[in-house]
Amino acid sequence: MRLLPRIERRLLAAALLLAACTAPAWAFGVDELMALLARQQKGEARFTEQRYVRGVDGPLQSAGVLSFEAPDKLVRRTLSPRPDSMSVEGNQLVMQRGGRTRTTTLDSMPEVMGMIEAMRGTLMGNAPQLQRYFRTKLSGDEKAWALDLDPIDPALAAQVRSLRISGRGGEVLGVEMEFIGGDRSVMTIVPGRGTP
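Model, not experiment: these values are computed from the prediction. (Residues numbered from 1 in each chain as written. Predicted model: local features only at pLDDT ≥ 70, side-chain atom pairs only at ≥ 80, totals over all residues. Heavy atoms only, no water.)

> Quick rundown of the overall build of the protein? Include the residues and the values.
Summing up its helical and strand segments, the protein has 5 helices and 11 strands in all. Taken over 196 residues, the protein has a buried fraction of 34%. When contacts within the protein are restricted to residue pairs at least 6 apart in sequence, long-range pairs at least 24 apart make up 38% of them. (Helix = DSSP H or I, 4+ residues; strand = E, 2+ residues; numbered from the N terminus. Buried < 20%, exposed > 50% of the residue type's maximum accessible area, 1.4 Å probe, protein only. Contact = heavy atoms within 4.5 Å.)

Shown next, in the form of structure tokens:
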């Protein structure tokens, strides 16, 4: 009589061990993605962007360089078709085009602030910062992931329908934005140094 419960316990333990071996060890979630992204404290990448604008035939194309340095410096230098740049550090936004410079604060432009914080929050691996402006939904795995961001901030939601940031491991490789009114932007990012 004592042997039967011991055998049953061993069979139950073997069945549980077998079940644990066949189930995935862990699911790839937002916390795991943020931990991978947070490892990169700075970086530079080339980008190409296609903007699809209602009423304009074909996409508008641009190319340039993106750079990021933790905790919050983000620079976008467009090299073609016309040179311009946008630099954000903290709450300060500096835009340069055609030899003219404009300096303002991010909080004076809520719709721009949300998009900047989406990029900075992702690049820093800062989920609370992202979730301040967006509902987050992650799909895929470490080898190929997509982070869908739906705006919850009213000023941002009035401008942006959705954002999708995609990548591999701790690298961001693409950003897609769909705007209210039907315009959209598709950016492809190639990590590494240099200009396109």
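> Quick one: what's the story with the sheet that holds strand 10 (residues 171-179), residue by residue and with numbers?
As a general point, the strands of a sheet are linked pairwise by backbone hydrogen bonds and lie either parallel or antiparallel. What the 11 strands build is an open sheet, ordered 6-5-4-3-2-1-11-10-9-8-7; its pairing is antiparallel. The open sheet has two edge strands with one neighbour each: strand 6 (100-105) and strand 7 (134-141). Strand-to-strand, the axes of this sheet are offset by a mean angle of 15°, without reference to chain direction. Looking at chain direction, strand 5 (residues 92-97) and strand 6 are connected through 6 bridges and run antiparallel. Among the inter-strand pairings, Met95 is bridged to a residue of strand 6, identified as Arg102. Its contacts with the sheet put helix 2 (residues 30-38) on strand 7, strand 8 (144-151) and strand 10, and the angle it makes with strand 8 is roughly 105°. Lying on the sheet, helix 3 (residues 110-124) is in contact with strand 2 (60-69), strand 3 (73-80), strand 4 (84-89), strand 5, strand 7, strand 8, strand 9 (160-168) and strand 10; it crosses strand 9 at an angle near 20°. (Pairing = 2+ DSSP bridges. Axes fitted to C-alpha atoms, helices over the stretch in contact; angles between N-to-C directions.)

> Go over unusual backbone geometry with me, naming the residues and quoting the values.
The amide bond that connects Ala70 to the next residue, Pro71, takes the cis arrangement and shows omega of 10°. Note that Pro71 resides in the loop between strand 2 and strand 3. A cis amide bond links Ser80 to the next residue, Pro81, at an omega of 10°. If you trace the backbone, Pro81 turns up in the loop between strand 3 and strand 4.

> Give me the lowdown on the confidence of the model for the protein, citing residues and values where you can.
With 85% of its residues at a pLDDT of 70 or more, the protein has an overall mean of 86. Here residues 14-25 is a poorly scored stretch, pLDDT under 50, and it has 0 contacts once near neighbours within four places are set aside; other chains count. (pLDDT = per-residue confidence, 0-100.)

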